[in-house]
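Spelled out, the chains give:
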Amino acid sequence: MKHLNKILFAVLMVMSLSSNAQDENNEWAISFGVNAIDTKTSAGGGNNWADAHFSQPFAVKDNWNILPSVSYLSVSKYVGDNFSFGVQGSVNKISKFVTFNPTAADRDSRGYVVSNPGDLMYYAADGVVKYSFMNMIKSKVIDPSLHVGGGYTFFGDNSYGTVNSGAGLTFWFTENVGLALATTYKKSFGDRETSGTLDSPSHFQHTLGIVFKFGGTDTDGDGIYDKRDACPKVAGLKQFKGCPDTDGDGIIDGSDDCPEVAGLAALNGCPDADGDGIADKDDACPDLFGLAAFKGCPDTDGDGIADLSDKCPKVKGPKENAGCPWPDTDGDSVLDKDDKCPTVKGTVANNGCPEVASEELDNLKIQAKSVYFNSGTTTFKLDLGRTSLDVIAELIKGSPNTKFIVEGHTDSDGSNAYNQKLSDERANVVKQALIQRGVNGDNLEAVGFGETAPVATNATAKGKAENRRTEVKVKK
């Protein structure tokens, strides 16, 4: 048992190392079970080398030494590219030792004799390098392998080194638990003694046991190990390398601008309810098909103003009028915004106001020239202007949307400054007189011209009287 203690100690030492196991996720593997020792390969005899060493491999009852208990323990670690390295410790009892003696009384038909050498204890510690073909055959259940290595064997009182090679087959019940079978040829370079007693025999060792893979970490518990999990701290889906897709739209949450609402890949996972190519989160009118220029809102009349802000969404109109066309209330082709007389039909030439008839203008001029002033004053001469003022007032009131200018004039008596002041006063006197007769003062403008615009000579009294006048004209 002292040798068994040594082997178990060696195994425990290996278990404490930081090497690899069966794959890059679960790096470690531990296996334990039963082992069988077959010494026939060292007996000699046979028709040739292969027959001598490898015949009767399954003579279990006749040749195999098996302990009815757990008799091997192995630990291994994955080192990359389908390779793993491990150590194995095993114990057995040799009660069946095969020799070749064709003259012995108890020989079999081929000349082999099986005897008990005295229930010799068997201990072995082996290092193993294994190559798995599981990925090559693309299986998740069947795991064939080849292995090589070396070890040290205690055979009764003898001990010696061996060079090992063999093959194995593991059936994985789950990702982490499997049934492992292996056979190993352990080549010894010692010889048997001529007396027939054993020295350091080569032999086959067969194992059958349970294997467990472990060491992988799955922080988020989504069944995908952290080493392969692109989102190791958030539970996700295998098809997305462990990242979540909360809304199930095929776009992982990390790349999804709307992770809780199913959407379109073209819009980074966001929905587009109205199908206008603008994500609902950016669409000012998410239920109406619209234009990107208006943040997803429509412009039905195409006037460049979104319906949302257009007071006349079905009729084109300028932005200055909130999307509505400018009105022309009086229908004179002059828009109200430009029409000086928006409720009275006029002409374009007169800014939408009606033109004063030429005969009315002539009459207006005649009546205005009939308003004379006393020299140097703002009083009407002999009150002759009062009748003319009545006529003028009626003519102006007949054109309520026409603007008029009341001009004041003087003769040449007095200074220029004095005459300018006097003409201003005379124009305003006429203006006030017309307002008193019912004319809208907003339609009147009073302007004085002094002595600058005479209509007659200032050399005679008659001429001066004609120059002291007012004129009423339509404002252009």
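Everything numeric in this text was worked out from a predicted model, so none of it was measured.

Cut-off values and rules
- For every chain, the first residue of the written sequence is number 1, and numbering continues from 1 onward in sequence order.
- Confidence filtering applies because this is a predicted model: local features only for residues at pLDDT of at least 70, side-chain atom pairs given and counted only at 80 or more, and all residues used for totals across whole chains, interfaces and linings.
- Side-chain metrics rest on all non-hydrogen atoms present in the structure, leaving aside hydrogens and water.
- Elements are defined by DSSP. Helices are runs of H or I of four residues or more, strands are runs of E of two residues or more, and each kind is numbered from the N terminus.
- With a 1.4 Å probe rolled over the protein chains alone, any residue whose accessible area is under 20% of its type maximum counts as buried; one over 50% counts as exposed, and the rest are partly exposed.
- Only heavy atoms matter for contacts: two residues are in contact if any of them lie within 4.5 Å across the pair.
- Note that accessible areas follow from Shrake-Rupley with a 1.4 Å probe, and for residues the cover is restricted to the protein chains shown.
- Should DSSP find at least two bridges between two strands, the strands are taken to pair.
- By definition, no residue in a patch forms a salt bridge, and every one has over 30% relative accessible area; like charges are joined within 9 Å, nonpolar side chains (Val, Leu, Ile, Met, Phe, Trp, Tyr) within 5 Å.
- The working definition used for a salt bridge is a side-chain nitrogen of Lys or Arg within 4 Å of a carboxyl oxygen of Asp or Glu.
- In this description, the term disulfide denotes a pair of cysteine sulfurs within 2.5 Å.
- Definitions used throughout: a 1 Å grid over protein atoms alone; a cavity as a set of points that fits a 1.4 Å probe which cannot get out; a pocket as an open set with protein on both sides within 12 Å along at least five of seven lines; a lining residue as one with an atom within 4 Å of a point.
- Grid points are joined across faces, edges and corners, and a volume is the space filled by probe spheres set on the points.
- For every element, the axis is a line fit to its C-alpha atoms; helices are fit only across the contacting stretch, and the angle between N-to-C directions ranges from 0 to 180 degrees.
- Two aromatic rings, drawn from Phe, Tyr or Trp (for Trp, its six-membered ring), form a pair once their centres lie within 6.5 Å of each other, and the interplanar angle then sorts them: stacked below 30 degrees, edge-to-face above 60, tilted otherwise.
- Put simply, a charge is over a ring when the Lys NZ or the Arg CZ is close to the ring centre, within 6 Å, and near the line of the ring normal, within 35 degrees.
- Between N or O atoms, a polar contact is any pair within 3.5 Å; within protein, one atom must be a potential hydrogen donor and the other a potential acceptor, and residues adjacent in sequence are included only when both atoms are from side chains.

## Here's the deal with the overall build of the protein
Now for step 1: Within the protein one finds seven helices and 14 strands.
Now for step 2: The 476 residues of the protein split such that 42% are buried.
Now for step 3: Long-range pairs, those at least 24 residues apart, make up 50% of the contacts in the protein with a sequence separation of at least 6.
Now for step 4: On the protein, roughly 25,000 Å² of surface is accessible, and the fraction owed to carbon and sulfur atoms is 58%.

## Points about the pairing of strand S11 (residues 203-214)
Now for step 1: As judged from the 11 bridges shared by strand S1 (residues 28-38) and S11, these two strands associate in the antiparallel manner. Bridging from a neighbouring strand, Ala29 pairs with Lys213 of S11.
Now for step 2: Sheet analysis places strand S10 (residues 177-188) next to S11, joined by 10 bridges and oriented antiparallel. The residue bridging Tyr185 from the neighbouring strand is Phe204, located in S11.

## With respect to a nonpolar patch on the surface
Now for step 1: A contiguous nonpolar patch, built from Val34, Phe58, Val60, Ile66, Met136, Ile137, Val141, Ile142, Phe171, Phe173, Leu181 and Leu208 and spanning about 1,100 Å² of accessible area, is present on the exposed surface.
Now for step 2: Mapped onto the fold, Met136 is located in the loop between strand S7 (120-132) and strand S8 (142-155).
Now for step 3: Given a relative accessible area of 54%, Met136 falls into the exposed group.

## Comments concerning the state of the cysteines
Now for step 1: In the structure shown here, the tally under the stated rule is four disulfides.
Now for step 2: Note that Cys258 is cross-linked by a disulfide to Cys270, the S-S spacing being 1.9 Å. Disulfide Cys258-Cys270: torsion about the S-S bond near 90°, hence right-handed. With Cys258 in the loop between S11 and helix H4 (358-369) and Cys270 in the loop between S11 and H4, the pair connects residues that are 12 residues apart, well separated along the chain.
Now for step 3: Classification of Cys270 by relative accessible area gives buried; the value is 1%.
Now for step 4: One disulfide bridge connects Cys312 with Cys324, the sulfur atoms lying 1.7 Å from each other. The chirality of the disulfide connecting Cys312 with Cys324 is right-handed, given an S-S dihedral of about 90°. Of this pair, Cys312 sits in the loop between S11 and H4 while Cys324 sits in the loop between S11 and H4, and the two are 12 residues apart along the sequence. Each member of the pair, Cys312 as well as Cys324, is classed as buried.

## Things to note about empty space enclosed by the protein
Now for step 1: For the structure on display, the rule yields three cavities of 30 Å³ or more.
Now for step 2: Looking at the largest cavity, its volume works out to about 520 Å³.
Now for step 3: Surrounding the largest cavity, 36 residues form its lining, Ser74, Gln88, Val128, Lys130 and Ala182 being those nearest its centre.
Now for step 4: Breaking the lining of the largest cavity down by element, the ones donating at least two residues are S1, strand S3 (72-80), strand S4 (83-94), S7, S8, strand S9 (158-172), S10 and S11.
Now for step 5: Considering each element in turn, the lining of the largest cavity owes the most residues, six residues, to S9.

## So, the sheet that holds strand S13 (residues 444-448)
Now for step 1: With respect to topology, three strands assemble into an open sheet ordered S13-S12-S14, the strand pairing being mixed. Whereas interior strands pair on both sides, the edge strands pair on one side only; in this sheet they are S13 and strand S14 (470-474). With strand direction ignored, the average angle separating the axes of adjacent strands in the sheet is 25°.
Now for step 2: For strand S12 (residues 404-408) and S14, the ladder comprises five bridges, and the chain directions are antiparallel. Paired with Glu407 across the strands is Glu471, a residue of S14.
Now for step 3: Helix H6 (residues 416-436) rests against S12, S13 and S14 of the sheet, and its axis sits at about 160° to S13.

## Focus: the packing of aromatic side chains
Now for step 1: One pass over the structure, following the stated rule, counts eight aromatic pairs.
Now for step 2: Consider the rings of Tyr131 and Phe133, whose centres lie 5.1 Å apart with planes at 75°: the pair is edge-to-face.
Now for step 3: With relative accessibility at 21%, the residue Tyr131 sits in the partly exposed group.
Now for step 4: Classification of Phe133 as partly exposed rests on a relative accessible area of 24%.
Now for step 5: Aromatic ring contacts, followed pair by pair, group Phe83, Tyr131 and Phe133 into a single cluster.
Now for step 6: The residue whose ring lies beneath Lys337 is Trp326, and the NZ or CZ to ring-centre distance is 5.6 Å.

## Notes on the pattern of salt bridges
Now for step 1: Using the criterion set out here, one finds 14 salt bridges in the structure.
Now for step 2: Close ionic contact of Lys186 with Asp126 constitutes a salt bridge, the shortest N to O distance being 2.7 Å. In this pair, Lys186 is assigned in strand S10 and Asp126 in strand S7, connecting sequence segments 60 residues apart. As far as burial versus exposure is concerned, Lys186 and Asp126 are alike and both buried.
Now for step 3: Between Glu425 and Lys421 there is a salt bridge; the shortest N-O distance is 2.5 Å. With Glu425 and Lys421 both in helix H6 and four residues apart, the pair spans about one turn of that helix.
Now for step 4: Put simply, Glu407, Arg469, Glu471 and Lys473 are held in one network by salt bridges that share partners.

## Quick word on unusual backbone geometry
Now for step 1: Phi angles above zero are rare outside glycine, and Asn82 is one such case at about 75°.
Now for step 2: By secondary structure assignment, the location of Asn82 is in the loop between S3 and S4.

## Details of the side chain of Arg468
Now for step 1: For Arg468, the position within the fold is in the loop between helix H7 (461-467) and S14.
Now for step 2: Engagement of the side chain of Arg468 in a polar contact is seen with the side chain of Asp411, the distance being 2.7 Å.

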